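For reference, the chains in residue letters:
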Amino acid sequence: QELQKEFIHCYRLQDKSYFTSNSQKIQEIMKKTTINPESLRYLAEAADYGHVNSMKILINLYKHLNDNEKAVKYLKMAADNGDIESMVHYGLMLYKSENSPENIEESLKYIKMAVINGNAQAMFNYAIIFFTGDKVQKNMKKTMKYLKKIIRSRIFRSNRNISQYLLSWIWC
């Protein structure tokens, strides 16, 4: 029970780093300058034409401006344009929002897209979703499958260690 609480806590904290770790330079620049509306317009036009880096800049800018609606719009847009990190974070955001079945289904779709692209963080989150059985039916087979994939990969060291620990705990 205590281990499950610890994993749920880690799982819920992971998406909070998305807007901060990727936006430190932007935040430093924004502290020194004001946002030029014309620059925002050009970034929005580039994003509308599919420029993923512009979308990611707009995500961070709007998050900094506390305009979550626009930040989410560009997060979804980046995910739909193939940005794997955005797929993970958009999926997690949907999963953690309202409990409507449509949101859960769509959230799993985005996380699964990132899993298919080999993203270890997505694999870890996907495994934890099915381990906890919070909003979906608990599925230990899926949990084991994705935790094993993380362990076999040479990337994402911290979740790899957590996965090994969780697997050993499950097998006991």
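Structure: see above.
Residues numbered from 1 in each chain as written. Predicted model: local features only at pLDDT ≥ 70, side-chain atom pairs only at ≥ 80, totals over all residues. Heavy atoms only, no water.

**Thoughts on the pattern of salt bridges**
- Evaluated as defined, the whole model comprises four salt bridges.
- A salt bridge links D80 to K76; the shortest N-O distance between them is 2.7 Å. Note that D80 and K76 are positioned in helix 6 (residues 68–80) at a spacing of four residues, about one turn of the helix.
- Residue D80 is classed as partly exposed on the basis of its relative accessible area of 44%.
- Taking the relative accessible area as the measure of exposure, K76 reaches 28% and is therefore partly exposed.
- Through salt bridges with shared partners, a single network forms among K56, D83 and E85. (Salt bridge = Lys/Arg side-chain N within 4 Å of Asp/Glu carboxyl O. Helix = DSSP H or I, 4+ residues; strand = E, 2+ residues; numbered from the N terminus. Buried < 20%, exposed > 50% of the residue type's maximum accessible area, 1.4 Å probe, protein only.)

**Considerations on helix 7 (residues 84–96)**
- The terminal C-alpha atoms of helix 7 lie 19 Å apart, and with 13 residues this matches the ideal 18 Å at 1.5 Å per residue to within 8%.
- Listed in full, the buried residues belonging to helix 7 are S86, M87, V88, H89, Y90, G91, L92, L94 and Y95. (Expected span 1.5 Å × (residues − 1).)

**Observations regarding the packing of aromatic side chains**
- The tally for this structure, following the rule as stated, stands at four aromatic pairs.
- Each ring, one from Y126 and one from F130, has its centre 5.1 Å from the other, and the planes form 75 degrees; the classification is edge-to-face. Residue Y126 and its partner F130 are both found in helix 9 (residues 120–132); the two are separated by four residues, about one turn of the helix.
- On the basis of relative accessible area, F130 is assigned to the buried category, the value being 6%. (Phe/Tyr/Trp six-rings, centres within 6.5 Å; stacked < 30°, edge-to-face > 60°.)

**Things to note about the packing of helix 8 (residues 101–116) against helix 9**
- Two elements in contact, helix 8 and helix 9, have axes whose closest approach is 8 Å; the angle formed by their N-to-C orientations is 135 degrees. As summarised for this structure, helix 8 and helix 9 are arranged oblique, according to the angle between their axes. You can see that helix 8 and helix 9 cross each other, and the crossing is left-handed. For the pair helix 8 and helix 9, the contacting residues are L108, I111, K112, A114 and V115 in the first and A122, M123, Y126, I129 and F130 in the second.
- Each residue belonging to the contact of helix 8 with helix 9 can be placed in one class, and the counts come to nine nonpolar, no polar and one charged. (Axes fitted to C-alpha atoms, helices over the stretch in contact; angles between N-to-C directions. Parallel < 35°, antiparallel > 145°, perpendicular 65-115°, else oblique. Left-handed = near helix turned anticlockwise from the far one by under 90°. Contact = heavy atoms within 4.5 Å. Nonpolar A, V, L, I, M, F, W, Y, C, P; charged D, E, K, R; others polar.)

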